[in-house]
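# Descriptive structure summary
As a plain string of letters, each chain reads:
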Amino acid sequence: MKKKHLLLFIILLLFNNLPAQQKSFNNIISKGYLEFWNSQVQRKIDEDIELNRKAKAILKLKGLPIGTEVKVEQIGHHFLFGGNIFLYGDCGTPEKNKRYEDTFGNLFNAATVPFYWKTLEPEQGKPRYKAGSSYEYRRPPTDPVVDFCESKGINMNGHAIIYGMRRWGHPEWMPEDRKKMEKHFEEHIRELAERYKGKIQRWDVVNEPTDQANRGIMPDDYTYKSFLWAMKYFPDSVKMNINDSDMHWDMTLYRRYLEIVRNLLDRGIRIDDIGMQMHIFNPKETSRIAEGADILTPEKIYERLDYMSGADRPLHVSEVTISAPDHTEEGKAIQAEIAKNLYRLWFSHPNVMGITWWNVVDGGAAPGEPSISGIYDTALNRKPVYDVLDKLINQEWKTSIALKTNDDGILTFRGFKGKYLVHWKDQHGNSQKDEFYLKEDGDGLSLNE
C-alpha cells in the first residue's frame, strides 16, 4: 500500500507542475471536435503533405571520397507562409516594433502590404507612399514597408488595388459618376505599376467583387476593366490575384465566385492566384467549434477548396482570423489547437500555394474585428499559437539531413520544396558549400571534379 500511495503522490505532483493548457487540454477540446479531426483525417493530411509538399532531390557529387558526409539544410520554403504587415512601425516602442519586424523572416516568408486606396491617397494627387507621410491606423506609408520586405527577401502581396466596398475602397474625392471614375481607376493602376513593378511580386487586383449589392457606385464591369488595365501596365512577372470568399460561405456564393473567375478567364483576363479567406471573428464561435459544433469541419473545408480548384488556378488562403475565445490560458490553447489543424489541412491540399495570417497582434485589428486573434498578445509576447506555427513551419515542415557519399557519387533524398544549402569537405579537407532550389523531382546540384 505504501508503494501505491507513493506512486500516486508522484503522479499528482507531476500533474500539478504541468502548464495549465496541457493539464486542461482534454477538458477544453471536446470529444465532438476531435471526432471531426479524427485519426483518419489526420492520416490523410499527413499523406497529402508527403505527396504534395515534397520532391525528390538528386545530388551528383562525383569525385568525393566514399563516405564523405554531406549536410543538407533547408533554408527557405517554396510555400508561402505570411501575415499582414499593417502595424509596421506602429507597435508602441522600438523593442515591440523590432519583435514585430522579426516575425517576417523568423516565422513568415511573405507579407501582405496595405494599399487601400482610400487611405493611400486621402487627398487627390498626394499619395502616402513616402516615409513621413501622415499617420493612418493600420495603413503605414508603403515605401518603407516595401523597402523593409525587400531587405529581408520577403515575398509581398499588394492588397488591394481596387476594392469595391466604399468603407475601405476608393477615396472620398472620387466622383459619383461611373464613366468619370474609370480614368481615375486606370491612372491609379498605372501609377502603382510604375512605382512598384520591380518590387512587389503579387497584387490583389480586385478585392471582394462577388457581393455587389451594397457597394455603391462603381464603373460598369469594373472587375474586368481593372484586370485589363493591370495587364496593360504591370510586367508579366507580376502575379495577378482575385481575392474574395470566406470558408463559412454557403456553396451558392462559391458558385457565384467561381462563375466570376471563369468569366474573367474566358474573356482573356490573366488571373494567377485565387484568394480564399477564413475569418473566425466571433470569440463565441471559437468556443462553439471547440465544443464540437459542425463549423469549418474538414469535410466543409475540403469541399470549398476542391470546388474553387475548378478554375485550375492556385489557391491562396489569403486572410486567416482565428480568434481566441477569451484571454485565459485555456482560450489561448484552444486558438492554437484550431490553428494547427487548419494549417495542416491547408498545407496538405495540392492547390493551396500559401497561407496568410491576418491580424498578427492582439488589439491590432480593424474596427469591429476581434481583439484577441493575434499570434502575439498586446505586449508582443508570443501566444501558444505562435509556437504551434513555428513548430510546423520551422521544424516539422523543413528538411535537414546528413548523407554520406557512395561509390557512384549520387545522393538522393525526399524533402520539402524550397531553397537548400549543402555543406561538405572536398578531398583536400577544405569546406565547401552550394545552394539549390527543390521544386520538382530531380532538382538538385551537380559537382564534377
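A quick note: this is a predicted structure, and the numbers were derived from the prediction, not measured.

### Examining empty space enclosed by the protein
All chains considered together, the criterion is met by three cavities of 30 Å³ or more. Counted as a void, the largest cavity has a volume near 60 Å³. Considering the residues around the largest cavity, the lining is formed by Y33, F36, W37, I280, I289, A293, I295, L296, T297, I338 and L342. Looking at the lining of the largest cavity, the elements with two or more residues in it are α4 (31-36) and α14 (329-348). The residue makeup of the lining of the largest cavity, split by class, is 10 nonpolar, one polar and no charged. Taken as a whole, the second largest cavity spans an internal volume of roughly 40 Å³. For the second largest cavity, the full set of lining residues is Y116, W117, A160, I161, I162, Y163, W168, G169, H170 and F185. Broken down by class, the residue content of the lining of the second largest cavity amounts to eight nonpolar, two polar and no charged.

### A look at the confidence of the model for the protein
Averaged over the protein, the pLDDT score is 93; the fraction of residues at 70 or greater is 93%. For the protein, the element scoring lowest by mean pLDDT is helix α2 (residues 20-23), at 38; strand β11 (residues 352-357) scores highest, at 99. Below pLDDT 50 for its whole length, residues 1-25 participates in nine contacts with residues either more than four positions away or in separate chains.

### Points about the sheet that holds strand β2 (residues 69-77)
With respect to topology, four strands assemble into an open sheet ordered β12-β2-β14-β15, the strand pairing being antiparallel. Every other strand in the sheet has two partners, leaving β12 (400-404) and β15 (431-438) as the edge strands with one partner each. On average, each strand axis in the sheet is tilted by 25° relative to the strand beside it, whichever way the strands run. Judged from the eight bridges that link them, strand β14 (residues 418-425) and β15 form a sheet pairing that is antiparallel. The residue bridging K425 from the neighbouring strand is S431, located in β15.

### Observations regarding the pairing of strand β9 (residues 273-280)
The buried count for β9 comes to eight of eight residues, which makes it a mostly enclosed element. The side-chain alternation of β9 yields two buried faces, one formed by D273, G275, Q277 and H279 and the other by I274, M276, M278 and I280. Of the pairings in the sheet, the one linking strand β8 (residues 239-246) to β9 comprises five bridges and is parallel in character. Residue pairing for β9: D244 is matched across the bridge by M276. Since β8 and β9 lie parallel, the crossover through helix α11 (residues 251-266) that links them has a hand, and here it is right-handed. Pairing geometry for β9 and strand β10 (residues 315-322), over seven bridges, is parallel. Looking at the pairing, M278 lines up with V320 of β10.

### Some thoughts on helix α12 (residues 283-290)
Residues of α12 that are buried include every one of E285, T286, I289 and A290, and no others. The arc that holds the buried residues of α12, viewed along the axis, is 140°, so those residues lie on one side. The distance from a side-chain oxygen at the start of α12 to the backbone nitrogen of K284 is 2.9 Å, and the residue carrying that oxygen is N282. Backbone geometry just after α12 places G292 at a positive phi near 105°.

### Concerning helix α10 (residues 222-233)
In this model, α10 (12 residues) spans 16 Å end to end at C-alpha, consistent with the 16 Å of a helix rising 1.5 Å per residue. Inspection of α10 places Y222, T223, Y224, K225, S226, F227, W229 and A230 among the buried residues, and these make up the whole buried set. In this fold, the buried residues of α10 make contact with β6 (162-163), α9 (178-196), β7 (202-207), β8 and α11.

### Remarks on the side chain of N97
Relative to the elements of secondary structure, N97 occurs in helix α6 (residues 94-106). The exposure class assigned to N97 is buried, which follows from its relative accessible area of 15%.

### Digging into unusual backbone geometry
Here H159 and A160 are connected by a cis peptide whose omega angle stands at -15°. Tracing the backbone shows A160 in the loop between β5 (155-159) and β6. Phi angles above zero are rare outside glycine, and L380 is one such case at about 65°. Mapped onto the fold, L380 is located in the loop between β11 and α15 (384-396).

### Section: the environment of S133
Assignment of secondary structure puts S133 in the loop between α7 (117-120) and α8 (142-151). Under the relative-accessibility criterion, S133 is labelled partly exposed at 23%. Linking S133 and K199, residues 66 residues apart in sequence, is a C-alpha distance of 20 Å. Apart from the residues within four sequence positions on either side, S133 is in contact with R128 and P141. A distance of 2.6 Å separates a polar atom in the side chain of S133 from the backbone oxygen of K130.

### Describing the nonpolar core
Here is a general trend for soluble globular proteins: nonpolar side chains tend to be buried in one another's company. If you look at the biggest cluster of nonpolar residues, it comprises 124 residues, and the most contacted ones within it are I85, Y100, F234, M247, W346, W357 and I375. In terms of residue count, the dominant contributor to this core is α14 (10 residues). Once you skip the residues sitting within four places of it in the chain, I375 turns out to touch T103, L107, F108, W357, N359, V360, N381, R382, K383, V385, Y386 and L389.

Basis of the calculations
- Residues numbered from 1 in each chain as written.
- Predicted model: local features only at pLDDT ≥ 70, side-chain atom pairs only at ≥ 80, totals over all residues.
- Heavy atoms only, no water.
- 1 Å grid on protein atoms, 1.4 Å probe; cavity = no way out; pocket = protein on both sides within 12 Å on 5 of 7 lines; lining within 4 Å.
- Points joined across faces, edges and corners; volume = space filled by probe spheres on them.
- Helix = DSSP H or I, 4+ residues; strand = E, 2+ residues; numbered from the N terminus.
- Nonpolar A, V, L, I, M, F, W, Y, C, P; charged D, E, K, R; others polar.
- pLDDT = per-residue confidence, 0-100.
- Contact = heavy atoms within 4.5 Å.
- Pairing = 2+ DSSP bridges.
- Axes fitted to C-alpha atoms, helices over the stretch in contact; angles between N-to-C directions.
- Buried < 20%, exposed > 50% of the residue type's maximum accessible area, 1.4 Å probe, protein only.
- Right-handed = clockwise from strand over helix to strand, strands pointing away.
- Arc of directions from axis to C-beta.
- Polar contact = N/O pair within 3.5 Å; in protein donor to acceptor, adjacent residues only side chain to side chain.
- Expected span 1.5 Å × (residues − 1).
- Core = buried A, V, L, I, M, F, W, Y, C linked by side-chain atoms within 4.5 Å.

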